[in-house]
Amino acid sequence: MAKLIFGMNQSLDGYVDHQEFAPGPALFRHWIEHVRDLTGSVYGRRMYEIMRYWDEDHPEWSAEHREFAAAWRRQPKWVVSRSLKSAGPNATLVGDDVGAVVRDLKARLAGEISVSGPDLAQSLTGLGLIDEYRLYFHPVVLGRGRPFFAGPRPPLRLVSTDRVGEDVIRLTYVPA
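The following paragraphs examine the structure supplied in this document. (Residues numbered from 1 in each chain as written. Predicted model: local features only at pLDDT ≥ 70, side-chain atom pairs only at ≥ 80, totals over all residues. Heavy atoms only, no water.)

1. Considering the layout of surface pockets
Here's step 1: Size it by volume and the largest pocket reaches roughly 1200 Å³.
Here's step 2: Along the wall of the largest pocket there are 45 residues; nearest its centre are Met 8, His 18, Met 47, Ile 50 and Met 51.
Here's step 3: The residue makeup of the lining of the largest pocket, split by class, is 25 nonpolar, 13 polar and seven charged. (1 Å grid on protein atoms, 1.4 Å probe; cavity = no way out; pocket = protein on both sides within 12 Å on 5 of 7 lines; lining within 4 Å. Points joined across faces, edges and corners; volume = space filled by probe spheres on them. Nonpolar A, V, L, I, M, F, W, Y, C, P; charged D, E, K, R; others polar.)

2. Observations regarding the sheet that holds strand 7 (residues 132-138)
Here's step 1: Reading across the sheet, the eight strands line up as 5-4-3-6-1-7-10-9 and stay open at both edges, with mixed pairing between neighbours. The open sheet has two free edges, formed respectively by strand 5 (91-94) and strand 9 (156-164), since each of these has just one partner strand. Neighbour-to-neighbour, the strand axes of this sheet turn through a mean angle of 25°, independent of strand direction.
Here's step 2: Looking at chain direction, strand 3 (residues 40-44) and strand 6 (residues 112-116) are connected through four bridges and run parallel. Counted as the bridge partner of Tyr 43 is Ser 116 from strand 6. (Pairing = 2+ DSSP bridges. Helix = DSSP H or I, 4+ residues; strand = E, 2+ residues; numbered from the N terminus. Axes fitted to C-alpha atoms, helices over the stretch in contact; angles between N-to-C directions.)

3. Describing the nonpolar core
Here's step 1: Membership of the largest hydrophobic core comes to 45 residues, with the highest contact counts inside it found for Phe 6, Trp 54, Phe 68, Trp 72, Val 115 and Leu 124.
Here's step 2: The biggest single contributor to this core is helix 1 (residues 25-37), with five residues.
Here's step 3: Setting aside residues no more than four positions away along its own chain, Leu 124 makes contact with Leu 4, Val 98, Val 102, Val 115, Leu 129 and Ile 130. (Core = buried A, V, L, I, M, F, W, Y, C linked by side-chain atoms within 4.5 Å. Buried < 20%, exposed > 50% of the residue type's maximum accessible area, 1.4 Å probe, protein only. Contact = heavy atoms within 4.5 Å.)

4. Description of helix 5 (residues 118-126)
Residues that lie three or four places apart on an α-helix share one face, since the helix turns once every 3.6 residues.
Here's step 1: Among the residues of helix 5, Pro 118, Leu 120, Ala 121, Leu 124 and Thr 125 are the ones counted as buried. The buried residues of helix 5 occupy an angular sector of 155° when projected down its axis, which confines them to one face.
Here's step 2: Gly 128, located one to two residues past helix 5, shows a positive phi value of around 70°. (Arc of directions from axis to C-beta.)

5. A word on the pairing of strand 4 (residues 77-80)
Here's step 1: Of the two faces of strand 4, the one carrying Lys 77 and Val 79 and the one carrying Trp 78 and Val 80 are both buried.
Here's step 2: Across four bridges, strand 3 lies against strand 4 in parallel orientation. Each bridged residue has a counterpart across the sheet, and for Val 42 the counterpart in strand 4 is Trp 78.
Here's step 3: Note: strand 4 against strand 5, four bridges, orientation parallel. Along strand 5, the bridge assignment pairs Trp 78 with Thr 92.

Shown next as structure tokens:
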């Protein structure tokens, strides 16, 4: 049975905004390895549109960027959207009954499936489908933006803390 994981980079005050801060080399290496090991990912529309950046090579990319792109392209993706008419390579659109689709993925696959997008994570949390939350705190305070938690959560229990690189702390929680 697969495990559904929601994890994102965020500011100390709890906001996610990929344009306000970027991962350093150690954290980027961590994300490469994480994506390489995933069984697949479930994306909300907005996050999927951001991640589509990795679908095509860019001449300015480093070897690490190319490595991340290759890992991202290989993994299956399920994109939750009622407005998109198509999805890119290795991606399947999910328009209705997201809960049933995710339950099926969890039941028939093994490994970790990443959830990307706070609104999607809120919906899946409400259905009791998220198995683990990974909060990657950066030493930045934004004071505004989209929060990591888009709504209330059931009580959580801390299961681990890790330092990733020089200045990022990962807190891992499971539903209590």
